[in-house]
Amino acid sequence: MRKTVGIPKALLYYNFYPMWKVFFEELGAEVVTSRNTCKKIIDDGVKSCVGETCLPVKTYVGHVIDLKEKGVDYIFIPRVISVERKRYLCAKFLGLPDMVKSLVPDLPEIIDMKIDLYRSDNSMQKEVLRIGKKFINDEVKIYNAYFKSLETQNKFESIMKKGLSSKEAINYLEGKNIKVQNSGDLKIALLAHSYDIMDDYICMGIIDRLRKMGAKVTTTSMMDSFKIERGAKKLQKDLFWTYGREIIGAGKYFLEEKEVDGVITVSAFGCGPDSLTDDLLERDYKRNGGIPYMSITIDEHTGEAGITTRLEAFIDLLRWRKGEIIV
Ligand code: SF4
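Keep in mind that this is a model prediction, so the values were computed, not measured.

A. Region of the structure containing the pairing of strand S1 (residues 4-7). Here S1 shows no split at all, with Thr4 and Gly6 on one side and Val5 and Ile7 on the other all buried. Here four bridges tie S1 to strand S2 (residues 30-33), and the two strands are oriented parallel to one another. What sits directly across from threonine 4, in S2, is glutamate 30.

Below you can see the structure in the form of structure tokens.
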């Protein structure tokens, strides 16, 4: 019988799930994901974590508990240190496997693959072999699984550049029927960590809400990387967090190039990196004017009515600026 590997539908699931799935399937495992986020998952995560923990990590812990209850053989909780040269991720990702093990008792075996692309050495290949050998004892097959997963990641990223959210791109790669309506007359940049805006439960389906209100939504994963680079170059001092730098780079690019009618940032209450990047962006937008900017903070108490009201007010403001609403 095939071994089952559980992948929590939270945090970097929205950035890397297709490649992780291909890797484990090529090794002969069956991949099982946790359910979509729901009240029980959030409650389980909140009960297990200390209050100051950010909502995405609490949610992640809830998803791990969901997988434990499903009875999978392994749970994949990578230790993601760096996903590109010379930059890091937030410290929470570095200690994620240890944090989860200390918070949730009686877990199945954790696959704590170390992902560290900070230096261009062969440590990633060694790690791929270490994990692959849990499933098969054939180095060629393990490397082939890895290369196939990298190809999948390239495909996934290029699909998102066509305007699909990562959730839609995952569905597309899985052969599901998707209908994307991302062609509204208002252009809005929605800048956030993927997990803050892709999880419909914690962010109340913000992308679909904006689209229904007539917005064409652009996220950082839909942008060409040269645009983000151009914006990030305007920082007086480079940021070493990959995703924080993407958010601020995109924000600075839109402020300069005026390609959108408005910018919305979404961050989680208790997020250290976002408290810095959002503040820097907010000051820039206030100082330079020109494009309306709104910042939304989410936590486990965020209500649907609050988000909807703020989005509607923001859309009205953009339409008023275009002369479509007269007051
Ligand atoms: S970047 Fe912020 S939201 Fe994401 S894991 Fe770190 S603290 Fe939490």
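Moving on, there is more to tell.
B. Representation of the layout of surface pockets. As a volume, the largest pocket reaches approximately 1,000 Å³. In this structure, the largest pocket is lined by 44 residues; those nearest its centre are Phe16, Val83, Gln153, Glu157 and Tyr243. Per-element accounting of the lining of the largest pocket gives the leading share, eight residues, to helix H7 (residues 139-160). What lines the second largest pocket is a set of 30 residues, among which Lys167, Glu168, Asn171, Asp200 and Asp208 lie closest to the centre.

C. Region of the structure containing the environment of glycine 289. As for its position among the elements, glycine 289 is in the loop between helix H13 (272-288) and strand S10 (293-298). In sequence terms glycine 289 and leucine 255 are 34 residues apart; their C-alpha atoms lie 8.5 Å from each other. Ignoring any residue separated from it by four or fewer positions in sequence, one finds glycine 289 in contact with Leu255 and Asp284.

D. Spotlight on the environment of glycine 28. Checked against the element boundaries, glycine 28 lands in the loop between helix H1 (13-26) and S2. By relative accessible area, glycine 28 is classed as partly exposed at 34%. In this structure the C-alpha to C-alpha distance between glycine 28 and asparagine 137, which are 109 residues apart in sequence, comes to 12 Å.

E. Just the site of the ligand, in detail. All residues adjacent to the ligand are Cys54, Pro56, Val57, Cys90, Lys92, Phe93, His193, Tyr195, Cys271 and Pro273. Both of domain 1 (4-160) and domain 2 (181-321) provide at least three residues apiece to the shell around the ligand.

F. Representation of the packing of aromatic side chains within the structure. Going through the model one piece at a time under the given rule, you end up with 15 aromatic pairs. With a centroid separation of 6.5 Å and an interplanar angle of 25°, the aromatic rings of tyrosine 143 and phenylalanine 147 are classed as stacked. Taken together, the residues tyrosine 143 and phenylalanine 147, both in helix H7 and four residues apart, mark about one turn of the helix. You can call tyrosine 143 partly exposed: its relative accessible area is 24%. Through a chain of ring-to-ring contacts, three or more aromatic side chains come together here, namely Phe16, Trp20, Phe23, Phe24, Tyr74, Phe76 and Phe135.

G. The sheet that holds S2, seen in detail. Across the sheet, four strands lie side by side as S2-S1-S3-S5; this open sheet has parallel pairing. In this open sheet, the two strands that pair with only one neighbour each are S2 and strand S5 (109-111). Geometrically, the sheet is characterised by an average inter-axis angle of 35° between neighbouring strands, direction not taken into account.

Analysis parameters
- Residues numbered from 1 in each chain as written.
- Predicted model: local features only at pLDDT ≥ 70, side-chain atom pairs only at ≥ 80, totals over all residues.
- Heavy atoms only, no water.
- Buried < 20%, exposed > 50% of the residue type's maximum accessible area, 1.4 Å probe, protein only.
- Helix = DSSP H or I, 4+ residues; strand = E, 2+ residues; numbered from the N terminus.
- Pairing = 2+ DSSP bridges.
- 1 Å grid on protein atoms, 1.4 Å probe; cavity = no way out; pocket = protein on both sides within 12 Å on 5 of 7 lines; lining within 4 Å.
- Points joined across faces, edges and corners; volume = space filled by probe spheres on them.
- Contact = heavy atoms within 4.5 Å.
- Near = heavy atom within 4 Å.
- Domains from an automatic or database assignment.
- Phe/Tyr/Trp six-rings, centres within 6.5 Å; stacked < 30°, edge-to-face > 60°.
- Axes fitted to C-alpha atoms, helices over the stretch in contact; angles between N-to-C directions.

Geometry only, nothing functional implied.
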